[in-house]
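# Structural overview for review
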Amino acid sequence: MPSNNLVPRQLAAPEPTWTVTTDVVILGSGAAGLSAALAARPVRDVVLITKDVLAAGSTSWAQGGLAAVLDPNDSIENHVQDTLEAGGGLCDEAAVRTLVSEAPTAIRYLMELGASFDPGAHEGVALTREGGHSHRRIVHAGGDQSGAEVQRTLDESVRLAGVQVVEKAFGIDLVIGHTKSGVRAVAGVKVAILDSNGGVESVGIVYAPAVIVATGGYGQVYASTSNPPAVTGDGIALALRAGVAASDLEFIQFHPTVLWVGSEATGQQALISEAVRGEGAILLDAAGGRVMAGVHPQEDLAPRDVVAAAISRRMAEAPAGVDDHVYLDARRIENFEERFPSITASCRNVGIDPVTELIPVSPAAHYVCGGVKATLDGTTSLQGLFVVGEAACTGVHGANRLASNSLTEGVVAGTRVGRALSWSLPEIVEPQEVEADGALIDSYHRAALRNAMSKYVGVLRTPDGLEAASAILRTLADNASAAVVPTRKAFEATNMLTIATAVVAAAKARTESRGCHRRTDFAEPLAAWERHLMCRIVDGRVEVD
Ligand code: SIN
């Protein structure tokens, strides 16, 4: 079903003035991209491109950790079943089994590279619990700084391995050609070198038979998110423009608990890890009532979609007149400051002492379960294009990701694609397809876009709200022009428009509630909808089927 909304067919950019040739080019520098680089590098020339500095993406901010079965009392089967249960009937069980089976090896691999996880009794590491997990199986570091330790470890390893890292460079669009036998395939990627203000210094083409997209999700299309500013869906938009399908885009996971600092707060909000509930904290409303009592057998440790929806419903009831946040009571947790040092600091920064006071929290966009349709080996429908990590939809998350499966997926999938490319590269192809005219929207449209997404396409979605979001996005798309000055922010804004348009089209099409897609007019999951929606751009329009 085509949406009425047009999106740019290419990003407008200056003519390329230089070329580089390599074996593998990677866009993105989180756990997935760095793992891919490391695995491919011993054999291949690898160029890793990131639009900011290496650590600017979501990986560095991950608090909870990495899910893996390391306790002999736990089992791979338990982890598989927990993942399938959280995924609301849309997981690919084979992909889940591969991920879960390879997760312990991924942890050991990171430790061999020098990752220092918090010490404990299971293979030397401590394990905690998070929502939807039937056992303690989350490996963590620095208490609540797990992602930062993974990022540090992989950054160092990638630099030591001789990967060519290019920071402040933006992957604009794929360059496409055809193989000798006429198969459409990737020839490389058009890249803008950015100046320190995000302006375009020059544009060139990196030719490579393999382009790996590892650019993460798109939390920044929402006004309030746990994601850092760089997470704008660039790689998914790039793949959509190249004609590659993305799947499950409507399933955006809202983390139940970011630190609430006022209803007008926008941008990246401080996360209050689910591990805080894993260690015993409970959710209360402003009248002191338990939010999760009677909602789910696992109460405060129910899967994330269940908790976020319960909080949203409770906020709508406005207990004690409070309709925009609830509270997390973590006062019962011993040694809170040592266990959660960065959360303690975030709270104290805004004048709340989590050791003695309730923490005000609300849901915010956190993780996207969908992405470019890909296998856990990163392969897509376009020869030479590989997608890993949050940018990919491999089927391991289904309609709702199980907590802490994502860093693990990044390392597992990144390593798998890197290793496969070290064994064999796709055929080198000459660039052939003539580019369509490019356009951009100005970066100041980002505010209207984010506000529309948060207001109308949040945890609970109404048909009128989805229509309103669609109309606002259409107006923004009308502003797309070749005359807009190309900058990082304009590239990002245009990618965000493409992604938001696809998300809204998918959310409108899915007339049921499942996982983290909840509609007020179709409150239950429907058997007929136990299927995936695919989004494509055809002639500049998003199509969903
Ligand atoms: C958290 O620490 O609550 C986030 C973990 C995750 O998103 O997997």
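Going by the structure above, here's the rest.
Notes on the structure in this doc start here. (Residues numbered from 1 in each chain as written. Predicted model: local features only at pLDDT ≥ 70, side-chain atom pairs only at ≥ 80, totals over all residues. Heavy atoms only, no water.)

## A look at the packing of aromatic side chains
- Taken as a whole and assessed by the stated rule, the structure comprises three aromatic pairs.
- With 5.0 Å between their ring centres and 40 degrees between their planes, Phe170 and Phe491 make a pair best called tilted. Taken together, the residues span a long stretch of sequence, with Phe170 in strand E10 (residues 169-178) and Phe491 in helix H13 (residues 488-509) at a distance of 321 residues. With respect to class, Phe170 is no different from Phe491; both count as buried.
- Consider the rings of Phe336 and Phe340, whose centres lie 5.1 Å apart with planes at 50 degrees: the pair is tilted.
- Note on Phe336: relative accessible area 2%, which makes it buried.
- Among the residues examined, Phe340 registers a relative accessible area of 0% and is labelled buried.
- Over the ring of Tyr367 we find Arg401; its NZ or CZ atom is 4.0 Å from the centre of that ring. (Phe/Tyr/Trp six-rings, centres within 6.5 Å; stacked < 30°, edge-to-face > 60°. Helix = DSSP H or I, 4+ residues; strand = E, 2+ residues; numbered from the N terminus. Buried < 20%, exposed > 50% of the residue type's maximum accessible area, 1.4 Å probe, protein only. Lys NZ or Arg CZ within 6 Å of the ring centre and 35° of its normal.)

## Observations concerning the side chain of Thr179
- Considering the arrangement of structural elements, one finds Thr179 in the loop between E10 and strand E11 (184-194).
- Apart from residues no more than four positions distant in its own chain, Thr179 is found in contact with Ala185, Gln383, Glu427 and Val429. (Contact = heavy atoms within 4.5 Å.)

## Let's talk about the site of the ligand
- Gln63, Gly64, Glu130, His255, Leu271, Ser273, Glu274, Arg304, His366, Arg401, Ala403 and Ser404 make up every residue found near the ligand.
- Note that an oxygen atom of the ligand is positioned 2.8 Å from one of the backbone N or O atoms of Gly64.
- In this structure, Ser404 approaches the ligand through a main-chain N or O atom, which is 2.6 Å from an oxygen atom.
- Across the complex, the protein chains shield 94% of the 260 Å² of accessible surface that the ligand would expose by itself. (Near = heavy atom within 4 Å. Polar contact = N/O pair within 3.5 Å; in protein donor to acceptor, adjacent residues only side chain to side chain. Areas by Shrake-Rupley, 256 points an atom, 1.4 Å probe, with all protein chains shown as cover.)

## As for the packing of helix H12 (residues 463-478) against H13
- With their axes 10 Å apart at the nearest point, H12 and H13 run at an angle of 155 degrees to one another. Considering the angle they form, H12 stands roughly antiparallel to H13. With respect to the hand of their crossing, H12 and H13 are arranged in left-handed fashion. Residue-level inspection shows Leu466, Glu467, Ala469, Ser470, Leu473, Leu476 and Ala477 of H12 in contact with H13, the latter providing Leu497, Ala500, Thr501, Val504, Ala507 and Lys508. (Axes fitted to C-alpha atoms, helices over the stretch in contact; angles between N-to-C directions. Parallel < 35°, antiparallel > 145°, perpendicular 65-115°, else oblique. Left-handed = near helix turned anticlockwise from the far one by under 90°.)

## Focus on the layout of surface pockets
- When its volume is computed, the second largest pocket comes out at roughly 710 Å³.
- Together, 27 residues line the second largest pocket, and Ser224, Ser263, Met315, Pro363 and Ser454 are the ones closest to its centre.
- For the lining of the second largest pocket, the secondary-structure elements that each account for two or more residues are strand E16 (252-259), helix H7 (304-317), strand E20 (359-368) and helix H11 (446-456).
- Counting residues per element, the lining of the second largest pocket draws most heavily on E20, which supplies four residues. (1 Å grid on protein atoms, 1.4 Å probe; cavity = no way out; pocket = protein on both sides within 12 Å on 5 of 7 lines; lining within 4 Å. Points joined across faces, edges and corners; volume = space filled by probe spheres on them.)

## Observations regarding the pattern of salt bridges
- Per the counting criterion, the structure on display carries 37 salt bridges.
- Ionic pairing is found between Glu427 and Lys180, a salt bridge with its closest N-O pair at 3.9 Å. Here Glu427 is found in the loop between helix H10 (405-423) and strand E24 (430-431), whereas its partner Lys180 is found in the loop between E10 and E11, with 247 residues between them in sequence.
- Ionic pairing is found between Arg348 and Asp353, a salt bridge with its closest N-O pair at 3.1 Å. (Salt bridge = Lys/Arg side-chain N within 4 Å of Asp/Glu carboxyl O.)

## Some thoughts on empty space enclosed by the protein
- Inspection of every chain in the model, using the stated rule, returns one cavity of 30 Å³ or more.
- Computed from the structure, the largest cavity encloses a volume of approximately 50 Å³.
- Of all the elements in the fold, those that place two or more residues in the lining of the largest cavity are E16 and H7.
- Considering each element in turn, the lining of the largest cavity owes the most residues, three residues, to H7.

## Let's talk about unusual backbone geometry
- We note that Ala318 has phi near 50 degrees; this positive angle belongs to a residue other than glycine.
- Relative to the assigned elements, Ala318 resides in the loop between H7 and strand E19 (326-329).
- Here Asp539, not a glycine, exhibits a phi torsion of approximately 50 degrees, which is positive.
- Its place among the elements puts Asp539 in the loop between strand E27 (534-538) and strand E28 (541-544).

## Looking at the packing of H11 against H12
- Between H11 and H12, the shortest axis-to-axis distance is 9 Å and the interhelical angle comes to 170 degrees. By the angle between their directions, the pair H11 and H12 is classed as roughly antiparallel. Judged by residue contacts, Ala448, Leu449, Ala452 and Tyr456 of H11 engage Gly465, Leu466, Ala468, Ala469, Ile472, Leu473 and Leu476 from H12.
- By residue class, the composition of the contact of H11 with H12 is ten nonpolar, one polar and no charged. (Nonpolar A, V, L, I, M, F, W, Y, C, P; charged D, E, K, R; others polar.)

## Brief notes about the environment of Asp329
- Its location among the elements puts Asp329 in strand E19.
- Note: C-alpha distance between Asp329 and Arg277 (52 residues apart in sequence) is 9.0 Å.
- Side-chain polar atoms of Asp329 contact the side chain of Arg331, separated by 3.0 Å.

## Structural notes on the environment of Pro463
- Mapped onto the secondary structure, Pro463 falls in helix H12.
- Exposure remark for Pro463: the relative accessible area of 34% places this residue in the partly exposed category.
- Here the alpha-carbon distance between Pro463 and Lys508, two residues 45 residues apart in the chain, equals 7.1 Å.
- In contact with Pro463, other than residues within four places in its own chain, are Arg519, Thr520 and Asp521.

## Here we look at helix H1 (residues 31-40)
- Along H1, ten of the ten residues are buried, which leaves the element largely enclosed by surrounding structure.
- Among the residues making up H1, those that are buried are Ala31, Ala32, Gly33, Leu34, Ser35, Ala36, Ala37, Leu38, Ala39 and Ala40.
- On the buried face of H1, the contacting elements are strand E3 (24-27), strand E4 (46-49), helix H3 (93-113), helix H4 (146-161), strand E13 (210-213) and H10.

## Considerations on the sheet that holds strand E9 (residues 164-166)
- Taken together, five strands build an open sheet; the order of strands is E9-E4-E3-E13-E22 and the sheet is parallel. Each edge of the open sheet is held by one strand with a lone partner, namely E9 and strand E22 (385-387). Each adjacent strand pair in this sheet contributes to an overall mean axis angle of 20 degrees, direction not counted.
- One ladder, built from three bridges, connects E4 with E9; its direction is parallel. (Pairing = 2+ DSSP bridges.)

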